[in-house]
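What follows is the residue order along each chain.
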Amino acid sequence: MPDFLVISAELAWPLAVLLAWLAGEFIHRWTKLPRISVYGLVGFLCAQAFPDLFMTEGSSPVTLLANVAFGLILFELGYRVNLHWLRINPWVPVSGLVETFATFGVVYLIAHLWGLPSMTSLLLASLAMSTSPAGVLRVINEQRSSGQVTERVLHLVAMNCVLAVLVFKVIVGFWVFQTSGSLTQAISHSLIELVASALLGAVFGMVVPAVLRHLGTLSRDGTVAFALVVVILVAITHAADLSPVLATLAFGLTARHRRVAFTRTVRNFGAIGELMTVLLFVFAVSTLSWNNVLFGGGLAIVLLLARLLVKTVSVAAFAHVGGIPWRKGILTGVALSPMSVFVVLLLEQTKYAGIVLVDELAAVAAMTLFMEVIGPIFTQRALILARETAQE
Amino acid sequence: MPLETFNGGTPLTMGVELELQLVSFSDYDLTASSPDLLHLLARKPFPGNVTPEITESMIEINSDVHTRHSELLAQLHEVRDTLVTAGEQLNIGIAGGGTHPFQKWVERRIFEKPRFKQVSQLYGYLAKQFTVFGQHVHIGCANGDDALFLLHSLSRYLPHFIALSASSPFVQGGDTLFNSARLNSVFAFPMSGRAPFLLSWDEFEHSYFAKMEHTGVIKSMKDFYWDIRPKPEYGTIELRVCDTPLTVERAAALACYLQALCAYLLERKEEPPAEDDYLVYNYNRFQACRFGLDGTVVHPKTYESLSLREDILTTLRKMDPYAEKLGGTAALNHLMQVTHMGSDAQYLRDQFNASGSVEGIVDAAVRRFRGRM
């Protein structure tokens, strides 16, 4: 007789993904809300209803798939970033630096005043710096938006990601040093990991376009080749305890800037990319527990409001000198709301260092849940108000 | 609304309008960025005039009224540099070319302006398919009768301008095998094509325009999408068959060629225009669109078959003294080069072969517009 529980566990993820997709389609049609908000909600409810079925470990296939899905998104983001623009219009990177570090400062201050230990506050602050490329990019693609808010959000998200990873890893390095006393171990968990990840991505970014050019099939095979290399990059970084975030982002950035002729990589990587996204968003919140969300809810709301305010004010402050109206500056800041998926995957990767931060940081759990559902709605509304979506 | 009075002005003055593409640097597709670019440009004086176009991925610039090639070219250079700088500040590429090689019309957004919304409502998908980019050249006329005389006399030379400006070989991701595929999009509009054969402004105003207005089909001259149309409020005729060239140098040269031709035609040494000239009009137009400089046209008076390239070269030589008097010799030399080197359509096909992708074409067009290659 087949073991009912085993079958259920094997079926749990595919069923949850199917359910999330269906719910996403129906609710999007009725309410026009972003599909990914619904995916997250379904994932969270499934995981709370059947916690045993949705248990994942760092090396589980689901975690790896989620990382690949995120890798594809990061590659696409890197591919759309134009470094030349950041040199020509320095107010864009300046606003990015100000909003990221101002967020760090304000979140740290609030967490510290709330009574959290210094190290915990620092980690919270570094996570709050980030904006999730998954949320932002999916909404941009879903809305088919284009314009200055879209363009600036994409570039600021890339900056936020890189800065958040850097600061987070440095703080984790200190954490490791404090707990283990080993400086070597601390550095290997931060600096070496960062440099090696970025280098790995950059090397692939140079080699792949060169090979494709040599084959002469740039426009035909580009998308498949890039997707395959993202899968490989994620596998390598996973095995070597490196950062897939930095590696895939660096891959996208270098691939874009190393090419003589550009080809369109299919937005969202086509149907497979869509499928992976559902999985990614269902997975991201399945790691959270209801207790943590309740426990950290109060602080999370305060932090999220502060983060939204700081990011919006900082970006808007540089809008006029950067060449856009104040209104679009404000909307760019609001569109930077999503942060969940990025945070979850960053924390997942820290598990191997023996640090289970989600439990330590109850507020993170709550922030992640709120922002997974609400963040994309903020981005969507900001793009609609900026009149940059395809709807007329 | 009755037809405006024809404000006759200084004959042979010229002005240029260019519709330009706004390109995203992330994927080289068109980007709906004209509101952002117009906002930025409005903050400083602009060396000419810039206006929105029907979809948000286009803008139109126009020059002042000029008499000499050097002045027109200097202003177009200034306009181009201002546009490129503003575009770079917003991460927007600006390019010429009659079509974008792979944009999907379904993804375009109609600019928020009552006239554009009305056009979109009336013409449906044609409005979005009208995301094509042309150069319009205005030539000043002393009076309405001169304007109609020039309009019909020029019909025989129309293929020259189509072939010399052709820069739209690719549409929706594929090579159309046309040199100017843009004009096929314009042809879909019911009020497109040739103007009715009338040589008296009085007759045009009362027998034709008034009747058309009475039918309710048209309200103003703007509703006609003719290849050449009179523009009474400016006191000009407007040539509308040119694709936007990839460079402002070619745009200025085309304007000066038209100026010299009008100077020549106004001497009335040629046989006067006749309705029968239009027997071969559509065929010649097609040849120029399809084969560009390699096309074969039929002379409307003699019915003789002519190589378009040879016909252009002969006409350019004939226009030399007129261009010299008007200061446009450099312009004709530029066009002479085009007949030898090939049009922008040829250049774009070469870029496709070299880069292996349609995105490579746009990349090259953006760089060529900047004048840095």
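The name given to chain B in an unreviewed UniProt entry is Putative glutamate--cysteine ligase 2, and the organism recorded there is Pseudoduganella chitinolytica. As recorded by UniProt, the Catalytic activity (unreviewed entry) comment attached to chain B reads in full: "L-cysteine + L-glutamate + ATP = gamma-L-glutamyl-L-cysteine + ADP + phosphate + H(+)".

As annotated in an unreviewed UniProt entry, chain A carries the name Cation:proton antiporter and comes from Pseudoduganella chitinolytica. Quoted straight from UniProt, the Subcellular location (unreviewed entry) entry for chain A says "Membrane".

### Quick notes on the interface of chain A and chain B
As a measure of interface size, the accessible area lost when the parts come together is often cited. On the chain B side, the residues contacting the 35 residues of chain A number 34 residues. The contact between chain A and chain B buries some 2,700 Å² in all, and 40% of this surface belongs to carbon and sulfur atoms. At the junction of chain A with chain B, the criterion picks out 3 salt bridges. The partner of A:Lys328 in a salt bridge is B:Asp36, and the shortest N-O contact between them spans 2.6 Å. In this structure, the connection of chain A to chain B is made through 16 residue pairs in polar contact (both at pLDDT 80 or more). Listing elements by their share of the side of chain A that touches chain B, those giving two or more residues are helix H3 (61-80), helix H4 (83-88), helix H8 (148-180), helix H11 (218-239) and helix H15 (319-322) of chain A. At 4 residues, the largest contribution of residues to the side of chain A that touches chain B is made by H8(A). Split into classes, the residues belonging to the side of chain A that touches chain B amount to 11 nonpolar, 13 polar and 11 charged.

### What to know about the pattern of salt bridges
All names here are of chain B. The final tally for this structure, using the stated rule, is 30 salt bridges over all chains. Linking Arg268 and Asp146 is a salt bridge whose minimum nitrogen-to-oxygen distance equals 3.3 Å. Taken together, the residues Arg268 in the loop between helix H9 (248-265) and helix H10 (281-291) and Asp146 in helix H5 (residues 144-153) connect sequence positions 122 residues apart. Of the charged contacts, one joins Arg250 and Asp344 as a salt bridge, the two residues approaching to 2.9 Å between their closest N and O atoms. Of this pair, Arg250 sits in helix H9 while Asp344 sits in helix H13 (residues 344-355), and the two are 94 residues apart along the sequence.

### A look at the side chain of B:Thr339
Residue and element names in this part refer to chain B. By the element assignment, Thr339 lies in helix H12 (residues 329-341). What makes Thr339 buried here is its relative accessible area of 2%. Polar side-chain contacts of Thr339 include one of 2.5 Å to the backbone oxygen of Met336. Once residues within four sequence positions are removed from consideration, Thr339 is found in contact with Leu164, Leu293, Arg309, Ile312 and Leu313.

### Side note on the packing of helix H7 (residues 133-143) of chain A against helix H19 (residues 362-385) of chain A
Residues and elements named next belong to chain A. Interhelical geometry of H7 versus H19 gives an angle of 40° and a closest axis separation of 9 Å. Compared by their axis directions, H7 and H19 come out oblique. The two elements H7 and H19 cross, and the hand of that crossing is right-handed. Where H7 abuts H19, its residues Val136, Val139, Ile140 and Gln143 lie against Pro376, Thr379, Gln380, Leu383 and Ile384.

Rules of the game
- Residues numbered from 1 in each chain as written.
- Chains lettered and ligands numbered in written order.
- Predicted model: local features only at pLDDT ≥ 70, side-chain atom pairs only at ≥ 80, totals over all residues.
- Heavy atoms only, no water.
- UniProt positions renumbered as here; feature names shortened; annotations may be inferred.
- Contact = heavy atoms within 4.5 Å.
- Buried area = accessible area lost by both parts, 1.4 Å probe.
- Salt bridge = Lys/Arg side-chain N within 4 Å of Asp/Glu carboxyl O.
- Polar contact = N/O pair within 3.5 Å; in protein donor to acceptor, adjacent residues only side chain to side chain.
- Helix = DSSP H or I, 4+ residues; strand = E, 2+ residues; numbered from the N terminus.
- Nonpolar A, V, L, I, M, F, W, Y, C, P; charged D, E, K, R; others polar.
- Buried < 20%, exposed > 50% of the residue type's maximum accessible area, 1.4 Å probe, protein only.
- Axes fitted to C-alpha atoms, helices over the stretch in contact; angles between N-to-C directions.
- Parallel < 35°, antiparallel > 145°, perpendicular 65-115°, else oblique.
- Left-handed = near helix turned anticlockwise from the far one by under 90°.

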